[in-house]
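# Chains, contacts and geometry: an overview
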Amino acid sequence: VQGLESLDPLIVSVQLFDVYEGKGIEKDKKSMAYRIVYRSNDRTLTSEDADTVHKKVIVILEKNFRASIRE
């Protein structure tokens, strides 16, 4: 997903590593898995730091791409 790196300075890379279409996925849908790397050059990140940024990512994906996150 282009542009996610600019969403927050803690996001240093976003990589698509898997796309699945088939059994268990609705016909007009696909399952996409991304690896997102969070990093700060001046401090150690906490789980709360990563969770806050990750929630921003989810909101953007749901809003701009009508994505739904599997839980």
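Our subject is the structure that appears above.
### A word on the packing of aromatic side chains
Considering all chains together, one arrives at 0 aromatic pairs under this definition. When the ring centre of F17 is taken as reference, the NZ or CZ atom of R35 above it lies at 4.8 Å.

### Side note on helix α1 (residues 47–65)
Helix length check: α1, at 19 residues, gives a terminal C-alpha distance of 26 Å against a target of 27 Å (1.5 Å per residue), a fit within 8%. Restricting attention to buried positions, one finds in α1 the residues D49, V53, V57 and L61. On an axial view of α1, the arc spanned by its buried residues comes to 100°, and they lie on one face. More than 90 degrees from the buried face of α1, the exposed residues found are S47, E48, K55 and K63. In this structure, the buried side of α1 is in contact with β1 (11–20) and β2 (31–38).

### Quick word on the nonpolar core
For soluble globular proteins, nonpolar side chains are generally found buried alongside one another. Core analysis: the biggest nonpolar cluster contains 7 residues, these being L4, L10, I11, V14, V53, V57 and L61. Of all the secondary-structure elements, those providing two or more residues to this core are β1 and α1. Looking at this core, the element that brings in the most residues is α1, giving 3 residues. Leave out the neighbours within four places in its chain, and V57 touches L4, L7, I11, I36 and Y38.

### What about the environment of L7?
Within the secondary structure, L7 is located in the segment before β1. Sequence-wise, L7 and S40 are 33 residues apart; in three dimensions their C-alpha atoms are separated by 14 Å. Among residues more than four places away in sequence, those in contact with L7 are K56, V57 and I60.

Reading guide: rules and limits
- The residue count restarts for each chain, going from 1 along the sequence in the order it is written.
- Confidence filtering applies because this is a predicted model: local features only for residues at pLDDT of at least 70, side-chain atom pairs given and counted only at 80 or more, and all residues used for totals across whole chains, interfaces and linings.
- Heavy atoms throughout the structure, all of them, feed into the side-chain values; hydrogens and water do not.
- Classification of ring pairs uses Phe, Tyr and Trp, with its six-membered ring standing for Trp, and accepts pairs whose centres are within 6.5 Å; under 30 degrees between planes counts as stacked, over 60 as edge-to-face, and the remaining range as tilted.
- Here, over-ring charges are defined by two tests on the NZ atom of lysine or the CZ atom of arginine: distance to the ring centre within 6 Å, and angle to the ring normal within 35 degrees.
- The way it works is that DSSP assigns letters per residue, a run of H or I at least four long becomes a helix, a run of E at least two long becomes a strand, and they are numbered from the N terminus.
- Expected span of a helix, by definition, is 1.5 Å for each gap between consecutive residues, and there is one gap fewer than residues.
- Burial classification: accessible surface area is computed with a 1.4 Å probe over protein chains only, and a residue below 20% of its type maximum counts as buried, one above 50% as exposed, and the rest as partly exposed.
- The directions from the helix axis to the C-beta atoms are what the arc is built from.
- Note on contacts: a residue pair is in contact if any heavy atoms of the two residues lie within 4.5 Å.
- The criterion is simple. A nonpolar core is a set of buried Ala, Val, Leu, Ile, Met, Phe, Trp, Tyr and Cys residues joined through side-chain atoms within 4.5 Å.

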